[in-house]
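# Architecture and fold: a report
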Amino acid sequence: MTPDDDASPLLTWTEEGEPRSGRFGDVYFSRDDGLAETRAVFLEGCGLPDAWRGRDHFTVAELGFGTGLNIAALLDLWRRTRPEGGRLHIFSVEGFPLTAAEAARALGAWPELAAATEALIANWPAATPGFHRVDLPDFDAVLDVGVGDAAWALEQWSGAADAWFLDGFSPALNPGMWSPEVMTLIAKRSAPGARLATFTVAGAVRRGLAEQGFVVEKRPGHGRKRERLEAHLPSAFEPPPPPRVAVIGAGIAGASVSRALKAQGVRAMVFEGERPGAGGSGFPAALVTPRLDAGDQGIAALHAQALERAGDLYSAIRGAITGHGVLQLPQAPRDAARFEKVARQPIWNDGDMVVLDEGAASAVACEATGQGGLLMKGAFALRPAAVLSNWLAEAEMRAERVTRLERFASRWRLIGENDAVLGEVDAVVLAAGWGSAALLDGFDQTPRLSPVRGQANWIDGDVTVQLMAWGGYAVPTGQGVLFGATHDRGDTDTAPREDDSARNLATLEARLPALAKRIAAAGAVQHRAAVRATTPDRLPVAGALDDGLYVLGGLGSRGFCVAPLLGDHIAALILGQPSPLPCDLAARVSPRRSSVLAEALASSSPTRAG
């Protein structure tokens, strides 16, 4: 969304063309030597590029994303000097985001950064509160931007920085970014041997860093500034060896983990006893919609972030998306008021959630709906097969069924039928949907997964349809229409049933009779059933169960929405990299969550900074 007065930097431009924050009464940089200052103060101040030589991964954290100038200069340097196979992770905090157009105008002063600038502007993070992940594959880099207060963002970040750029407006103008609390969090989020650079030499900053164990030194300043600060932690970094990882399950959960690991340079073994998409991910189309929640900010924030991440990743797969914009029709009388509340939530981009009256909803549906609805413009439909084939293409596929797991020294042994040892690995990810339940048997404090059988139907033919959901759904497949679905708890039989096909057609006819008539006239109706896994609180399960043992499951009917983001989260946990999830949202989906923790977190406001 466009920042309102509370989140806007109140940007103006000086006569020299320098961007100026009306909120803090200072320019972001000098147009004459802003890039030179960035390179001198932050890049050289953190010992770059020498600090990342020989490193597989390097993490830079920044306070004050601003125009993105520091990050553009960092990406330019990384592209020219990065170690072979190295990957860069950037975390930046911004309380008052600029728009992409404003940043483009500001960064246009330095054509030598054009490649990095264009990549940033093309993927400019949303201004909504929370965390936003940006992939920069041409630079072997990923950027996470935390929109909000600095202390909140650092508390929520799970990473450990090798280098810090402290580039907020001066302590006199913006004291919150330089508070003792922030200094403590910087130390807490620093890797061994971390280096830090900043333009300010304010005594409070020097003392704050020194109190947190940093060795602080004044250095000659740049331009008109006489001095600047450099600091470092007197400890050494020791890189861990890359792990051997097995993923059990080749549906959207397993494919998401495999993709995320591959993005970090790790090729996973993927075990699948049948075929990719054999379970709930095997239908010809899928809706990618968030779980709407007008009361629990944590649930709403999780699904908003997940939808944004899913859209970014799926759109990079040619031919995967079959339609944009989902019309959600009410299921109960109270839904109309709930839709109004959802549309006003600040977690959505401006215009992503639009409440429609009956006339507008009918126009979208191309037939009378009898009531209004909520148009979710950021939601969409896709072809699961296109996603699975793309994300599993470079995995080491193993057509074997894992029947149990055994701890073997510091590793995990995967056991198959007839007690055959299928492999030994450092980390295992259970991502087999309902099939994970059997493998979890015997582990203490494991999440309780429950089966839900769903049967859907589809036709191939020239029938166009607007994406719609109302308890049932209608989805374009690219070759026809998918509709359904039944929802039978505790049922694990996947044999299709004619009675269920009749139920699906009746559900469609009751809400959209004109569409049902076109489908009935289009020819043979096909059917398929699968079993999904759900949890008691209807939230997914993503996290560590034991040392080296992880689970991604309980996705229910939101798998294609939440799995890409949660796959990133699992990969980050395995590799010791920063997760894209704020810590409080990670706690909501942890397999170790308790009802007490869930209730406490549900009453908090996890997404807002300043």
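Residues numbered from 1 in each chain as written. Predicted model: local features only at pLDDT ≥ 70, side-chain atom pairs only at ≥ 80, totals over all residues. Heavy atoms only, no water.

Using the following cut-off: UniProt positions are given in the numbering used here, feature names are shortened, and annotations may be inferred rather than shown by experiment.
Under an unreviewed UniProt entry, the name given to the protein chain is tRNA 5-methylaminomethyl-2-thiouridine biosynthesis bifunctional protein MnmC, and the organism recorded is Brevundimonas nasdae. UniProt's Cofactor (unreviewed entry) comment on the protein chain is quoted here verbatim: "FAD". For the record of the protein chain, the UniProt heading Subcellular location (unreviewed entry) holds the text "Cytoplasm".

## Digging into the overall build of the protein chain
To keep it simple, the criterion reads: What counts as a helix is a DSSP run of H or I of at least four residues, what counts as a strand is a run of E of at least two, and both are numbered from the N terminus. The globule rule is 2.2 Å times the number of residues to the power 0.38, and the radius of gyration it is compared with is taken over C-alpha atoms. Residue exposure (1.4 Å probe, protein chains only): buried if accessible area is under 20% of the type maximum, exposed if over 50%, otherwise partly exposed. The contact criterion used throughout is that any non-hydrogen atoms of two residues lie within 4.5 Å. All accessible-area figures derive from a Shrake-Rupley calculation using a 1.4 Å probe, and residue coverage is judged against the displayed protein chains alone. Positive charge is attributed to Lys and Arg, negative charge to Asp and Glu, and no charge count is given to His or to the chain ends. A single reference atom marks each charge: NZ on Lys, CZ on Arg, CG on Asp, CD on Glu.
On a plain count of helices and strands, the protein chain comes out with 18 helices and 30 strands. The C-alpha atoms of the protein chain give a radius of gyration of 25 Å, which matches the 25 Å a tight globule of 610 residues would have. Each principal axis of the C-alpha distribution contributes one length, and for the protein chain these read about 80 × 65 × 45 Å. With 610 residues in all, the protein chain has 56% of them scored as buried. Expressed as a percentage of contacts within the protein chain between residues at least 6 apart in sequence, the contacts between residues at least 24 apart total 71%. Carbon and sulfur atoms provide 48% of the accessible area of the protein chain, an area that totals close to 24,700 Å². Charge-centre separation for the protein chain: the mean point of 59 positive side chains lies 1 Å from the mean point of 72 negative side chains.

## Some words on the packing of helix α14 (residues 498–511) against helix α15 (residues 513–521)
Let me state the cut-off plainly: Axis angles are defined between N-to-C directions and span 0 to 180 degrees, where every axis is a line fitted to C-alpha atoms and, for a helix, only to the segment in contact. Angle categories: roughly parallel below 35 degrees, roughly antiparallel above 145, roughly perpendicular from 65 to 115, and oblique for all the rest. Polarity classes work like this: nonpolar for Ala, Val, Leu, Ile, Met, Phe, Trp, Tyr, Cys and Pro, charged for Asp, Glu, Lys and Arg, and polar for all others, with Gly in that last group.
Closest axis-to-axis distance for the α14/α15 pair is 5 Å, and the angle between their directions is 135°. If you check the angle between α14 and α15, you find them oblique. Counted together, L508, E509 and R511 of α14 and P513, L515, A516 and I519 of α15 form the full contact between these two elements. Across the contact of α14 with α15, the residue classes break down as 5 nonpolar, no polar and 2 charged.

## Some points on the side chain of Q577
Tracing the backbone shows Q577 in the loop between α16 (559–575) and α17 (583–589). Every residue in contact with Q577, bar those within four places of it in the chain, is listed here: H57, T59, Q264 and A572.

## Comments concerning the nonpolar core
As a reminder of what qualifies: The set of buried Ala, Val, Leu, Ile, Met, Phe, Trp, Tyr and Cys residues whose side-chain atoms join them within 4.5 Å is what this entry labels a nonpolar core.
By size, the foremost hydrophobic cluster in this structure holds 78 residues, and its most contacted members are L261, V288, Y314, V429 and I574. Excluding residues that lie within four positions of it along the chain, L261 makes contacts with V245, V266, A268, A571, I574 and L575.

## A closer look at the pattern of salt bridges
Rules: Every case where a carboxyl oxygen of Asp or Glu lies within 4 Å of a side-chain nitrogen of Lys or Arg is listed as a salt bridge.
Evaluated as defined, the whole model comprises 32 salt bridges. Put simply, D335 and R338 hold a salt bridge, and the shortest N to O gap is 3.2 Å. Of this pair, D335 and R338 both sit in helix α10 (residues 335–344), separated by 3 residues, roughly a single helical turn. D493 is paired through a salt bridge with R497; the nearest N and O atoms lie 3.4 Å apart. Since its relative accessible area comes to 37%, D493 is described here as partly exposed. Among the charged side chains, a salt-bridge network with shared partners connects R453, D488, D491, D493, R497, D500 and R503.

## What to know about the domain arrangement of the protein chain
Note the cut-off: Domain delimitation in this document rests on an assignment produced automatically or drawn from a domain database. Two parts placed together each lose some accessible area under a 1.4 Å probe, and the buried area is that loss summed for both. The definition of a polar contact used here is a pair of N or O atoms within 3.5 Å, where within protein one atom must be able to donate a hydrogen and the other to accept one, and adjacent residues in sequence count solely through side-chain atom pairs.
According to the domain assignment, the protein chain consists of domain 1 (3–232) and domain 2 (244–284 + 383–449 + 535–609). A C-alpha centroid distance of 33 Å is found between domain 1 and domain 2. Of the roughly 1,600 Å² buried between domain 1 and domain 2 on both sides combined, carbon and sulfur atoms contribute 51%. There are 0 salt bridges connecting domain 1 and domain 2. Seen at the junction of domain 1 and domain 2, the total is 6 residue pairs in polar contact (both at pLDDT 80 or more). Looking at side-chain class alone, the side of domain 1 that touches domain 2 contains 6 nonpolar, 8 polar and 6 charged residues.

## What to know about helix α6 (residues 180–188)
Restricting attention to buried positions, one finds in α6 the residues V182, M183, L185, I186 and A187. As for α6, its buried residues are in contact with β4 (57–63), α5 (150–156), β8 (161–166), β9 (190–198) and α7 (203–211).

## With respect to the environment of L136
Along the chain, L136 falls in strand β6 (residues 130–136). Separated by 397 residues in sequence, L136 and A533 have C-alpha atoms that sit 33 Å apart. When neighbours within four sequence positions are excluded, L136 is seen to be in contact with L75, A119, N123, A141 and L143.

## Let's talk about the UniProt feature "domain: MnmC-like methyltransferase" (unreviewed entry) in the protein chain
Mapped onto this numbering, the UniProt entry annotates "domain: MnmC-like methyltransferase" (unreviewed entry) at residues 111–233. Along residues 111–233 one finds 28% helix and 33% strand; the C-alpha atoms at either end are 35 Å apart.

## Some points on the confidence of the model for the protein chain
Note the following rule: The predictor attaches a confidence to each residue, called pLDDT, with possible values from 0 through 100.
Of the residues in the protein chain, 96% reach a pLDDT of 70 or more, and the chain-wide mean stands at 92. A low-confidence stretch, residues 1–5 (pLDDT under 50), is modelled with 12 contacts involving residues beyond four sequence positions or located in other chains. Low pLDDT, under 50, characterises residues 595–610; the predicted model gives this stretch 30 contacts beyond four residues in sequence or across chains.

## Comments concerning the environment of D444
Topologically, D444 is positioned in the loop between α13 (436–440) and β23 (450–460). Its relative accessible area of 63% is what places D444 among the exposed residues. Through-space distance from the C-alpha of D444 to that of M397 is 29 Å; in sequence the pair is 47 residues apart.

## Re empty space enclosed by the protein
A water-sized probe, rolled over the atoms, reveals where empty space remains. For clarity, the threshold we go by: Cavities and pockets were defined on a 1 Å grid built over protein atoms only: a cavity is a set of grid points that admits a 1.4 Å probe from which the probe cannot escape, a pocket is an open set flanked by protein on both sides within 12 Å along at least five of seven lines, and lining residues are those with an atom within 4 Å of any such point. Grid points are joined across faces, edges and corners, and a volume is the space filled by probe spheres set on the points.
Enumeration over the complete set of coordinates arrives at 4 cavities of 30 Å³ or more. Taken as a whole, the largest cavity spans an internal volume of roughly 40 Å³. F65, E94, P97, L98, W124, P125, A126, V145 and V147 are the residues that line the largest cavity. Broken down by class, the residue content of the lining of the largest cavity amounts to 8 nonpolar, no polar and 1 charged.

## Quick word on the sheet that holds strand β3 (residues 26–27)
Which entries qualify depends on this criterion: Strand pairing is defined by DSSP finding a minimum of two bridges between the two strands.
Strand order across the open sheet formed by 3 strands is β1-β2-β3, with antiparallel pairing between neighbours. Only two strands of the sheet have a single neighbouring strand rather than two, namely β1 (11–13) and β3. The pairing of strand β2 (residues 19–21) with β3 spans 2 bridges and is antiparallel. Paired with R20 across the bridge in β3 is V27.

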